[in-house]
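# Residue-level structure breakdown
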Amino acid sequence: MNSILITGCNRGLGLGLVKALLNLPQPPQHLFTTCRNREQAKELEDLAKNHSNIHILEIDLRNFDAYDKLVADIEGVTKDQGLNVLFNNAGIAPKSARITAVRSQELLDTLQTNTVVPIMLAKACLPLLKKAAKANESQPMGVGRAAIINMSSILGSIQGNTDGGMYAYRTSKSALNAATKSLSVDLYPQRIMCVSLHPGWVKTDMGGSSAPLDVPTSTGQIVQTISKLGEKQNGGFVNYDGTPLAW
Ligand code: NDP
């Protein structure tokens, strides 16, 4: 892949994905990374100082009016080549609430960040993804052509839900999975791939310290996995190691 946009790169899995991509024998030519506050994104800023392929874009993704500028900034760099990959990674997970404690604002806020943002960003980036699909039309479906990877969670799996609760997080990721499926159908004419991915349970601010996986293990495998995804996985839900997951 020549170019990738990853959201939420100042910490956690987003930052780990940037590092894993830089470790590839052939890193992307352009790595567009978003953060909400550059002043608080010290590690990302330090990486960008040493890697000229990193472009930092400051944005709160709930500010949909800022998407035109984000897209214009990317287009200004990639020109006719478009954008190969949109990786919707940024997300939030409010404290788990049982049905007696759930609050409507918490449901709405989580849905906005985890579901509405990835859909609206896919919409905004579509012209860039279409350009990349055209520029790489000899390539098979996958990240070498054009793709959207949505960071989902096994907690969004309806079949896998045996514990209940977590209304905000679970519903936001189930809805994201529904969006993945629709995008895969809608963008099939251009052979733009769309896949939902579960990163494993990972030690980050969100995952907590009891998680079994560390960030480099998860993100190293995610980078290997996404490079192998193709038409067979289009519109599907995969684990970080590439195994298929139940919706
Ligand atoms: P973290 O909480 O460590 O990081 C979340 C990232 O998302 C931060 O960079 C944060 O920015 C960013 N973000 C949140 N809201 C916004 C917003 N409105 N605009 C811009 N950026 C925003 O989480 P993880 O790295 O663990 O999670 C990354 C993704 O992986 C999420 O989608 C999560 O649901 C998913 N996931 C994680 C699992 C885990 O075990 N860790 C398991 C399954 C899924 P800021 O620093 O400014 O808040």
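Scroll up for the structure.
Residues numbered from 1 in each chain as written. Predicted model: local features only at pLDDT ≥ 70, side-chain atom pairs only at ≥ 80, totals over all residues. Heavy atoms only, no water.

### Here's the deal with empty space enclosed by the protein
Summed over the entire model, instances satisfying the criterion amount to 1 cavity of 30 Å³ or more. At 3 residues, the largest contribution of residues to the lining of the largest cavity is made by helix H5 (residues 167–186). (1 Å grid on protein atoms, 1.4 Å probe; cavity = no way out; pocket = protein on both sides within 12 Å on 5 of 7 lines; lining within 4 Å. Points joined across faces, edges and corners; volume = space filled by probe spheres on them. Helix = DSSP H or I, 4+ residues; strand = E, 2+ residues; numbered from the N terminus.)

### Points about the pairing of strand E1 (residues 3–6)
Residue alternation in E1 divides its side chains into two sets, Ser3 and Leu5 and Ile4 and Ile6, and both sets are buried. With 4 bridges connecting them, E1 and strand E2 (residues 30–35) associate as parallel partners. Of the residues in E2, the one forming a bridge with Ile6 is Thr33. In this region the chain leaves E1, passes through helix H1 (residues 12–22) and returns to the parallel neighbour E2; the handedness of that crossover is right-handed. Sheet topology places E1 next to strand E4 (residues 85–88); 3 bridges connect them, and they run parallel. Looking at the pairing, Leu5 lines up with Leu86 of E4. (Buried < 20%, exposed > 50% of the residue type's maximum accessible area, 1.4 Å probe, protein only. Pairing = 2+ DSSP bridges. Right-handed = clockwise from strand over helix to strand, strands pointing away.)

### A few points about the site of the ligand
The local shell around the ligand holds 29 residues, among which Asn10, Arg11, Arg36, Tyr169 and Thr204 are the closest. At 2.5 Å, a side-chain N or O of Tyr169 approaches an oxygen atom of the ligand. Protein contact buries 93% of the 900 Å² of open area that the ligand shows by itself. Comparing atom positions with the cavity grids shows the ligand to sit within the largest pocket. (Near = heavy atom within 4 Å. Polar contact = N/O pair within 3.5 Å; in protein donor to acceptor, adjacent residues only side chain to side chain. Areas by Shrake-Rupley, 256 points an atom, 1.4 Å probe, with all protein chains shown as cover. Sits in = over half its atoms within 2 Å of the grid points.)

### Section: the layout of surface pockets
The space that makes up the largest pocket amounts to roughly 1100 Å³. Ala90, Gly91, Ile92, Ala93 and Met206 are the residues nearest the centre of the largest pocket, which is lined by 43 residues in total. Every element with two or more residues in the lining of the largest pocket is listed here: H1, E2, helix H4 (104–135) and H5. Broken down by element, the lining of the largest pocket gets its largest block of residues, 4 residues, from H4. Looking at side-chain class alone, the lining of the largest pocket contains 18 nonpolar, 18 polar and 7 charged residues. Reported here for the second largest pocket is a volume of approximately 310 Å³. Taken together, 18 residues form the lining of the second largest pocket, with Met1, Leu24, Gln26, Val143 and Ser227 sitting closest to its centre. Looking at the lining of the second largest pocket, its residues break down into 9 nonpolar, 8 polar and 1 charged. (Nonpolar A, V, L, I, M, F, W, Y, C, P; charged D, E, K, R; others polar.)

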